[in-house]
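Close look at the chain arrangement
Chain by chain, the residues run as shown.
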Amino acid sequence: MRELQLRLKQVGLFHGRPDGECDGDVESAVRFYQWDRDVAGDPEGVYGPRTRRALEAETAAP
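Residues numbered from 1 in each chain as written. Predicted model: local features only at pLDDT ≥ 70, side-chain atom pairs only at ≥ 80, totals over all residues. Heavy atoms only, no water.

Residue position: Asp42 is located in the loop between helix H2 (24-36) and helix H3 (49-58). The class for Asp42 is buried, based on a relative accessible area of 14%. For the pair formed by Asp42 and Arg52, sequence separation is 10 residues and the distance between their alpha carbons is 9.7 Å. Apart from the residues within four sequence positions on either side, Asp42 is in contact with Gln34, Gly48, Pro49, Arg50 and Thr51. A distance of 2.6 Å separates a polar side-chain atom of Asp42 from the backbone nitrogen of Thr51. (Helix = DSSP H or I, 4+ residues; strand = E, 2+ residues; numbered from the N terminus. Buried < 20%, exposed > 50% of the residue type's maximum accessible area, 1.4 Å probe, protein only. Contact = heavy atoms within 4.5 Å. Polar contact = N/O pair within 3.5 Å; in protein donor to acceptor, adjacent residues only side chain to side chain.)

With the rule as written, the count across this model stands at six salt bridges. Across the salt bridge formed by Arg7 and Glu3, the nearest N and O atoms sit 2.9 Å from each other. With a gap of four residues between them, Arg7 and Glu3 both fall in helix H1 (residues 2-10), about one helical turn apart. Of the residues examined, Arg7 reaches a relative accessible area of 5% and is grouped as buried. The residue Glu44 makes a salt bridge to Arg31 at a minimum N-O spacing of 3.7 Å. Here Arg31 lies in helix H2 and Glu44 lies in the loop between H2 and H3, a separation of 13 residues in the sequence. (Salt bridge = Lys/Arg side-chain N within 4 Å of Asp/Glu carboxyl O.)

Right under this line is the structure:
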């Protein structure tokens, strides 16, 4: 989960401290990312395989 937070931070969607906790801020950031990048196939706010693939393609490994 910390890696997700760090990747979301790279694209400017997560502003908290990367603590590895999945909370409402992380879910909201994932939901916005999916909407903004037109990622379909995963439930809204869920870091599923399609969302992961898109985010990993856009960011550097932390």
